[in-house]
Every structure is written in C-alpha cells, then in structure tokens.
Amino acid sequence: MTQHTTETLMWDDVMRAGAAAEDRSIIDLFATDADRASGFAAEFDGLLLDYSKTSIDAAAREALLALADKAKVAERREAMFSGEKINETEGRAVLHTALRNLSGSPVMVEGKDVMPGVLDTLARMEAFAADLRDGGFTGQGGAITDVVNIGIGGSDLGPVMGYIALSPYRDGPRCHYIANVDGAHVADVLAPLDPETTLIIVASKTFTTIETMTNARAAWAWMAEKVKTPGEQFAALSSNPGETTKWGIAPERVFGFEDWVGGRYSMWGPIGLSLMLAIGPDDFRAFLQGAADMDAHFRSAPFERNLPVLLALVGIWHNQVQGHATRAVLPYEQRLRRLPAYLQQLEMESNGKSVAMDGSALDMQSGPIVWGEPGTNGQHAFYQLIHQGTRVVPCEFLVGAQGHEPELAHQHELLVANCLAQSEALLRGRSLDEARAIMAAKGLTGDELDRQARHRVFPGNRPSITIAYPLLTPGTLGRIVALYEHRVFVEGVILGINSYDQWGVELGKELALALEPVLKGEDPGKGKDGSTLALAGWMRAHGLS
C-alpha cells in the first residue's frame, strides 16, 4: 500500500480487525452482547441507522473510527463546507450544501459570500412556481397541466426520484421526464400531452449537452406544430444566458447555478424546479430543510454517533475490508423505487475511480457496484442469489413505520414484516439439521430427505443494515439523500480520491461524436478497430439513416 493509505490512515489496524472477523458469526455477537441492537445503531431526527447485523464488533468499530480520524475526515469536511476547492482536478469548490442553507449564513468562495445569489435564485424559482401553480403563467391553451423536464444524469435522476418519492404531496402540474437520446423516449413522453398546456424545462448547465439539446430540439419541433412562439413555454436550468436567449427563453424563466454544484448533487437548486412545481414551494423548502438538518448533524455529531460517518465506515468495512464488491439498496417503500438508480450515479460516478488525489494508482478497490429494487418485488426476483448464492451481497434496507394510506395499513404492516424478515433471514439462515427436520416432517426419509434438505439450507451470517424512519415526508427524503451524499464524501476521503470529478464519462462521448460520420458513410473510420467498423457497416446495411 502507498503511504497515503497505510502509514497515514492506519489501514493495518482495520485489516487486522477484518481478518479477525472472517469466521465470526454475526448472530453470536448478539448472544454475547445483550445491548448490541442499541449499541450498534444511531438515530438523528427520526432517522434510525441500525448496523448491528454486520460483523463489526467494538474493536473493529474503534479501528474504523480511528481510520476516519487519521484520514482527516473532519478537516476535509470543514474544507468542503467552507468553500475550499476540494475538487482539486477541476479546481472547484463543492457546495451543493449551500443550496439548502436556508438560514443564509455566509458561505465564502474566493472571498465572496455566495448565499445572497443562492437565496435570490430560490426566491425566483418560488415566484415562478407560485405563478404557474396559481394560473398566472399559462400556455397558449390555458393553465399549464404538464411539465416536461429534459435532462440527463443528475439533471434527470434526482428530480425523477424526488417526484415519485413525494407523490402524496403533489398538488401541481403533472411532471414527465426525458433523458435518453433514443427518439423513443421523447416520442413516448410527448405523445399524450397537449403542447398548448405544456411547459418544457431544459436542464443543462452549459446548454450544450448533446443528448439534452437533441431532445430539446425535438420537443421544440413538437410544440411548434401548435404553438406560435414555443420559447414562451420553455424554461431553462442553465448558466449560459447567451444560448438560452437564442431559444427565445425569457430571462425570468432561466435559473442558473455555479460550477461548484456538481450534476449528481444538483437537485437542491434549479435542477429541482420540476419537483417544486409539483409539490409547491413550501414542501420543497421542507425537503431542503431536511437535508440542511442532516448537514448540521454531519458537521457536529461525534463520529461514533454520526450517521453519515457510520454509514461510510460500514461501506468501507464491507467493500475494502471484507471484499464484497456489490451493495444492494432495497427500499421497502414503493415510492423510493428510483432511489437505487439515483444512488448508482451518486456513488459509482463519485467513487468509481482508480487514481488517488495525488495521481498515484489506488492499491485497493474503490467504490462498490450499487444496485437494487424495491421490496417486495425483489424478493421474487434476485433475493434467491442474495440468500443462497455463492457471493455475499451486503444489503441496505430502507423502511418507514407508516404509510400514507391509512385505509391500507394492513398492507403496510405486511410490507414492514417482509423487510424485517429478510434481514433476519440473512442473519440467521437455516442449518442443515433444521432443513432435515422440515423434510422429515413432510414424510421424506433416507437419501432423498438429505438431498432435498440441502437445497433448503440458507448459509446466513450475511450482513445488512436498516435505515428506518416514521413516514416518507419531504423532510425525511431530504435527510436520506443528504445522508448518502455525505457517506460518499467520507468514503472518498478515506480512500484518498476525488469524489467530485467524473472524467470516466468523457471518452465515450468523444468517440460517439467521431463515429457519427462513420455511421453515415462519410468517413472511412481510419484508426477504428475492426469490430467497431464492422458493426457500423452492419448498421448501415440494415437501414441506419
């Protein structure tokens, strides 16, 4: 290991703790510690993190906390909140937290307080939202009934996730989202809508993102068939007024944000406009406040009770220490069904790196593969592998004590029971003797009993955490998302990487532009590999135009 990972960060102690846990029975930890369930859990403002169903014991936790301390997580945390340029490869501050700083307390970047601008943009968004929701701003055909957000990556995943998650609070126009440059996406979304009562929001900081602007031009053409001046029914989430003006979008419908807001961290500001239009400014502020509350907790709570720090250390334990390559996010909340996809980008784009901040190659694994689906659907899809497969998949369950449908409380109880049962099953498993007893009770004997029993053995001792909350409200959602944002930050600091650039998305974009003339037959594709040229030729031969 390089100096920044061994001598400075005390990885040796953590790795020794990991080795000691290799044959540890998690359930035995409960037998030897009657208070483990409370001792290996932390709670803040109605959000409970239970990590007791992991192999982390007191010694391992102490080593992990020391690792975070030696990595200077606290110092880097304050550098981030203070506006220092911790995104060193791009020379930028990282201040998405400023977008939810409703107190307006100063946040300085290069000697300038950015908060007046942040709050002014928020006020402009709120004024526009109120005007549209009250019927003051209309389309050519009357009040706006539908809003279409055109973006990609962070300009799409966050708003989509939030819009679905907070559906009980939606009392504004219907919102729709277009991201994929596949023409099927824009065609299918726009087909049932009325151009005369639709607002198009184009979300691109530079107003040059190729997928977004291609879809925006298609939406413009669709609207122009019935609307004389389409630009009057467009809004822009962009910091390039020169381009938005060319589209005829009035300045009062252009909402910009600074380069210290990364795309996957941007839903707290203008990128969240569609969500604000749907749930209203008050509930959007509650969403921001929930995140701001988590920010304050992250900055002030001791590491041993700090939810983002603990969640990050659990992630480090499972991935870098125990070698589990994937992480399953399993919300037992149908309205959080897009959270796994949102966290895929948040975590894999942030920490999917192979080079340390100093330019040296990482000597350990970086971020995990993040995936998941909502329960109980996943139980009938991939839980088979989680329970009985040869790979251990750490699971992260999310569940609320209450649902928004009191008349269906019995179904919510069944949902919660399933969630808790799954984590218990991962912990306990089922022994061969237990399986034999079940088969014997069914009348089986001899070799057939043994054969059938072996198929019903669950290894158990598989780790999980549970994040619980009373009810999925705007504030709760804000706390959950901010929790995961800060988890990514802490893991990145401990690994010594930059969590805020994303150079890995660039090469494919460059090559795609270069391939367009090849696909059209205008360029022979000199220097291209044989497979790519053959595929391009096959596409032309089969109707690509």
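Nothing here was measured: the structure is a model prediction, and the numbers come from that model.

### Overview of the state of the cysteines
Then, in step 1: In this structure the tally under the stated criterion is zero disulfides.
Then, in step 2: Its sulfur unpaired, C419 is 10 Å from the next cysteine sulfur, which belongs to C395.

### Topic: the confidence of the model for the protein
Then, in step 1: Scored by pLDDT, the protein comes out at a mean of 96, with 98% of its residues at no less than 70.
Then, in step 2: Under a pLDDT of 50 for its full length, residues 1–7 has, in the predicted model, 20 contacts with residues more than four places off or in other chains.

### Looking at empty space enclosed by the protein
Vacant regions in the atomic arrangement are exposed by a probe of water-molecule size rolled over the atoms.
Then, in step 1: Considering all chains together, one arrives at two cavities of 30 Å³ or more under this definition.
Then, in step 2: Space inside the largest cavity adds up to approximately 60 Å³.
Then, in step 3: Of all the secondary-structure elements, those providing two or more residues to the lining of the largest cavity are α13 (307–321) and β11 (326–332).
Then, in step 4: A total of four residues in the lining of the largest cavity trace back to one element, the largest contributor, which is α13.

### Focus on the side chain of S204
Then, in step 1: Secondary-structure assignment places S204 in the loop between β9 (198–203) and α9 (210–224).
Then, in step 2: Within the local environment of S204, its side chain forms a polar contact with the backbone nitrogen of F207, the two atoms lying 3.0 Å apart.
Then, in step 3: With sequence-adjacent residues up to four places away left out, S204 is seen in contact with T209, T212, M213, L237 and S238.

### Quick notes on the pairing of strand β2 (residues 47–50)
For a regular strand, side-chain orientation follows a simple rule: the groups alternate between the two sheet faces.
Then, in step 1: Note that strand β1 (residues 41–44) and β2 share four bridges and pair antiparallel. The residue bridging E43 from the neighbouring strand is L48, located in β2.
Then, in step 2: From the end of β1 to the start of β2, which pair antiparallel, there are two residues, and D45 there has a positive phi angle of about 50 degrees.
Then, in step 3: For β2 and strand β14 (residues 464–469), the ladder comprises three bridges, and the chain directions are antiparallel. Pairing of D50 across the sheet is with T466, part of β14.

### Looking at the packing of helix α12 (residues 281–300) against α13
Then, in step 1: Packing of α12 against α13 brings their axes to within 7 Å, and their N-to-C directions diverge by 75 degrees. If you check the angle between α12 and α13, you find them roughly perpendicular. In contact with M294, H297 and F298 of α12, α13 contributes L307, P308 and V309.
Then, in step 2: Class assignment of the residues belonging to the contact of α12 with α13 gives a composition of five nonpolar, one polar and no charged.

### Remarks on the pattern of salt bridges
Then, in step 1: Applying the stated criterion across every chain yields a total of 30 salt bridges.
Then, in step 2: The partner of D433 in a salt bridge is R436, with the nearest N and O atoms 3.4 Å apart. With D433 and R436 both in helix α17 (residues 432–441), this residue pair falls three residues apart, about one helical turn.
Then, in step 3: With relative accessibility at 57%, the residue D433 sits in the exposed group.
Then, in step 4: Residue classification places R436 among the partly exposed residues on the basis of a relative accessible area of 27%.

### Section: the environment of F255
Then, in step 1: Within the secondary structure, F255 is located in the loop between α10 (241–246) and α11 (273–279).
Then, in step 2: On the accessibility criterion, F255 (0% relative accessible area) is buried.
Then, in step 3: Between the C-alpha atoms of F255 and D433, which are 178 residues apart in sequence, the distance is 64 Å.

### Details of unusual backbone geometry
Then, in step 1: In this chain, G375 is followed by T376 through a cis amide linkage whose omega measures 15 degrees.
Then, in step 2: With respect to the secondary-structure elements, T376 resides in the loop between β12 (369–371) and α15 (383–388).
Then, in step 3: Unlike most non-glycine residues, N461 shows phi in positive territory, near 55 degrees.
Then, in step 4: Tracing the chain through its elements places N461 in the loop between α18 (446–454) and β14.

### Section: the sheet that holds strand β8 (residues 174–178)
Then, in step 1: Spatially, β8-β7-β9-β10 is the arrangement adopted by the four strands of the open sheet, whose pairing is parallel. The open sheet has two edge strands with one neighbour each: β8 and β10 (234–237). For this sheet, the mean angle separating the axes of adjacent strands, direction not counted, is 20 degrees.
Then, in step 2: Two elements, strand β7 (residues 146–150) and β9, share five bridges in a ladder whose sense is parallel. Bridge pairing in β9 places D146 opposite T198.
Then, in step 3: Of the strands in this sheet, β7, β8 and β9 touch helix α8 (residues 183–190), which is tilted by about 165 degrees from β8.

### As for the nonpolar core
Then, in step 1: Among the nonpolar cores identified, the biggest contains 117 residues, and L199, W260, Y342, L477 and I494 are the most heavily contacted of them.
Then, in step 2: Per-element tally for this core: the top contributor is helix α19 (residues 474–495), with twelve residues.
Then, in step 3: Those residues in contact with L477, other than ones at most four positions away along the chain, are M161, G162, A165, L166, F287, L336 and L472.
Then, in step 4: In this structure, A216, A219, V227 and V254 belong to the second largest nonpolar core, which totals 21 residues.

### Quick look at helix α16 (residues 409–428)
Then, in step 1: Counted at 1.5 Å a residue, the expected span for α16 with its 20 residues is 28 Å, and the 28 Å between its end C-alpha atoms agrees.
Then, in step 2: Among the structural elements, α2 (26–32), β11, α15, β13 (395–400) and β14 are those in contact with the buried residues of α16.
Then, in step 3: Taken from the residues just after α16, G429 is the one with a positive phi, measuring 65 degrees.

### Description of the sheet that holds β13
One key point about sheets: their strands pair by backbone hydrogen bonds, in either a parallel or an antiparallel sense.
Then, in step 1: With mixed pairing, six strands are arranged side by side in an open sheet as β1-β2-β14-β13-β11-β12. The strands lining the two open edges of the sheet, one partner per strand, are β1 and β12. Going across the sheet, the axis of each strand differs from the next one's by a mean of 15 degrees, ignoring polarity.
Then, in step 2: Direction of pairing for β11 relative to β12: parallel, over a ladder of three bridges. Note on β12: the bridge partner recorded for T326 is I369.

About the thresholds
Residues numbered from 1 in each chain as written. Predicted model: local features only at pLDDT ≥ 70, side-chain atom pairs only at ≥ 80, totals over all residues. Heavy atoms only, no water. Disulfide = S-S within 2.5 Å. pLDDT = per-residue confidence, 0-100. Contact = heavy atoms within 4.5 Å. 1 Å grid on protein atoms, 1.4 Å probe; cavity = no way out; pocket = protein on both sides within 12 Å on 5 of 7 lines; lining within 4 Å. Points joined across faces, edges and corners; volume = space filled by probe spheres on them. Helix = DSSP H or I, 4+ residues; strand = E, 2+ residues; numbered from the N terminus. Polar contact = N/O pair within 3.5 Å; in protein donor to acceptor, adjacent residues only side chain to side chain. Pairing = 2+ DSSP bridges. Axes fitted to C-alpha atoms, helices over the stretch in contact; angles between N-to-C directions. Parallel < 35°, antiparallel > 145°, perpendicular 65-115°, else oblique. Nonpolar A, V, L, I, M, F, W, Y, C, P; charged D, E, K, R; others polar. Salt bridge = Lys/Arg side-chain N within 4 Å of Asp/Glu carboxyl O. Buried < 20%, exposed > 50% of the residue type's maximum accessible area, 1.4 Å probe, protein only. Core = buried A, V, L, I, M, F, W, Y, C linked by side-chain atoms within 4.5 Å. Expected span 1.5 Å × (residues − 1).

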